[in-house]
Amino acid sequence: MATVGFTLTFWAWNLVSPLGGYYKDHLHLSSFEQSLLVAVPVLVGSLGRVPVGALTDKYGARRMFPLVSAATIVPVLLLIPAKDSYGAMLATGFLLGLGGTTFAIGVPLVNSWFPPARRGLAIGIFGMGMGGVALSGYFTPRIAKHGADLPFYVVAAALAVFAALAAVLITDRPDRPVPTDPLGVRLARAGRLRVTWELSALYAIGFGGIVAFGVYLPTYLRTWYGLDPTEAGTKAAGFALVTVVFRPLGGWLSDRIHPAYVTSAALGLVAVMAIVQAFDPALTPGATIALLLMAAGLGAASGSVFALVARVTPQPQVGSVTGIVGAMGGLGGFVPPLVMGAIYSAKGSYSIGFMLLSDLALAGCVYAYGRMRTAGTAPAKSAEKTGIRD
């Protein structure tokens, strides 16, 4: 249920991107304005994970998942009357960011039900819900061919059905620790953990790369390779599908070897492929191979980073830490579309953007290998200090 809910809300969160070409032509937007339009939901959804994660620690996923899913219906339907105004679209995109916060609800829910040796795979499977980006990229433009407003009605109806089912079927673990401290105190405590910010930086590269490509890849393929919107959306959906497949694989590998090694190898692959793509290879086969291998690396890194979260975070703080780490990951996806749009507007090329991605991925590769290998002993110490039992 958590994975299904994450998938649907992620589809809603990404509704604007596959139709970005339509909005650009309809509203006469520049490349930067289009980038800002698709990036605003990412920003809000990312920052919103911080309070939503902390509220999930307090009230549980059984309350939060139906509530957030139902509330997301409102901005989805508001996209219909907002389509003729750029300002209204930005405001609606701000509200649409609510759909991106469910990640911080699902991780503590799934984490609480599985023993440490299986959390990497379990959270990786939950993380497959980011395949909502792939569903959006593939189905949204195709549904729109049968009616410009139809995608919004379809997603709203799906969210309504899920919210009703989630209220009945999602169950919090009965013995889960419930924090009693105020929200601000819990967030401050999570923010004081060094590992929170180390994981945030790594997740900003891995998951941030996925989000960035999810919202901007259709625009990139359309602008640079001249694809029509449907074909660009299809190829972007293929990229997202690869990230979905490799996310649980990254978690599964992390259950068997230290997740720091998995993260380092995955980000190293991303760094190399970003350099290849910076030289603007032909779409077939060069760019296709480079982009799909980048997708594999980003997906695996996203899974392995949250295997580290499960390994080093005390159970009562998982929601708070997840909120902060997830927010940084989402923010990592907010900046690149703006940078890519600005660079293309100024230079007429995307190469600089891919070289920046390569630099960040290489830095993450080195840091994960050099520093995060020592994180394996944290759970035992945390458990002794807090009296938590798995």
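One can find the structure itself at the top, above this paragraph.
The model shown is predicted, which means the values in this text are computed figures rather than measured ones.

(A) Local environment of the side chain of T263. Along the chain, T263 falls in helix 14 (residues 259-278). Owing to a relative accessible area of 0%, T263 belongs among the buried residues under this scheme. Within the structure, the side chain of T263 is placed 2.9 Å from the backbone oxygen of P259, a separation counted as a polar contact. A polar contact of 2.7 Å, which involves the side chain of T263, links it to the side chain of S304. Residue contacts for T263: discarding those within four places in its chain leaves L202, S304, V305 and A368.

(B) Representation of the packing of helix 12 (residues 194-225) against helix 17 (residues 351-370) within the structure. Two elements in contact, helix 12 and helix 17, have axes whose closest approach is 11 Å; the angle formed by their N-to-C orientations is 150°. Taken as axis vectors, helix 12 and helix 17 run roughly antiparallel relative to one another. As for how helix 12 packs across helix 17, the hand of that crossing is left-handed. Here R194, E198, L202, I205, F213 and Y220 of helix 12 come into contact with helix 17, specifically with F354, L357, L360, A361, G364, Y367 and A368.

(C) Region of interest: the packing of aromatic side chains. In the structure shown here, the tally under the stated rule is 20 aromatic pairs. Summarising the aromatic geometry, the rings of Y203 and F207 are spaced 5.1 Å apart at their centres and angled 0° between planes, so their arrangement reads as stacked. With Y203 and F207 both in helix 12 and four residues apart, the pair spans about one turn of that helix. Judged by its relative accessible area of 0%, Y203 falls in the buried class. When its relative accessible area of 0% is taken as the criterion, F207 is described as buried.

(D) Molecular detail of the packing of helix 13 (residues 229-256) against helix 15 (residues 283-312). Two elements in contact, helix 13 and helix 15, have axes separated by 6 Å at closest approach and are oriented at 40°. In the packing of helix 13 onto helix 15, the handedness of the crossing is right-handed. When the residues that make up the contact of helix 13 with helix 15 are grouped by side-chain class, the tally is 12 nonpolar, nine polar and three charged.

(E) Quick peek at the environment of R119. Mapped onto the elements, R119 comes out in helix 8 (residues 116-127). R119 gets classed as buried once you look at its relative accessible area, which sits at 7%. Through-space distance from the C-alpha of R119 to that of T219 is 36 Å; in sequence the pair is 100 residues apart.

(F) Summary view of the pattern of salt bridges. For the structure shown, the criterion picks out five salt bridges. With a closest N to O distance of 2.6 Å, R371 and E198 form a salt bridge. Of this pair, R371 sits in the loop between helix 17 and helix 18 (378-386) while E198 sits in helix 12, and the two are 173 residues apart along the sequence. According to the relative accessible area criterion, R371 is partly exposed, its value standing at 28%. Sharing partners across several salt bridges, the network here consists of R194, E198 and R371.

Calculation criteria
Residues numbered from 1 in each chain as written. Predicted model: local features only at pLDDT ≥ 70, side-chain atom pairs only at ≥ 80, totals over all residues. Heavy atoms only, no water. Helix = DSSP H or I, 4+ residues; strand = E, 2+ residues; numbered from the N terminus. Buried < 20%, exposed > 50% of the residue type's maximum accessible area, 1.4 Å probe, protein only. Polar contact = N/O pair within 3.5 Å; in protein donor to acceptor, adjacent residues only side chain to side chain. Contact = heavy atoms within 4.5 Å. Axes fitted to C-alpha atoms, helices over the stretch in contact; angles between N-to-C directions. Parallel < 35°, antiparallel > 145°, perpendicular 65-115°, else oblique. Left-handed = near helix turned anticlockwise from the far one by under 90°. Phe/Tyr/Trp six-rings, centres within 6.5 Å; stacked < 30°, edge-to-face > 60°. Nonpolar A, V, L, I, M, F, W, Y, C, P; charged D, E, K, R; others polar. Salt bridge = Lys/Arg side-chain N within 4 Å of Asp/Glu carboxyl O.

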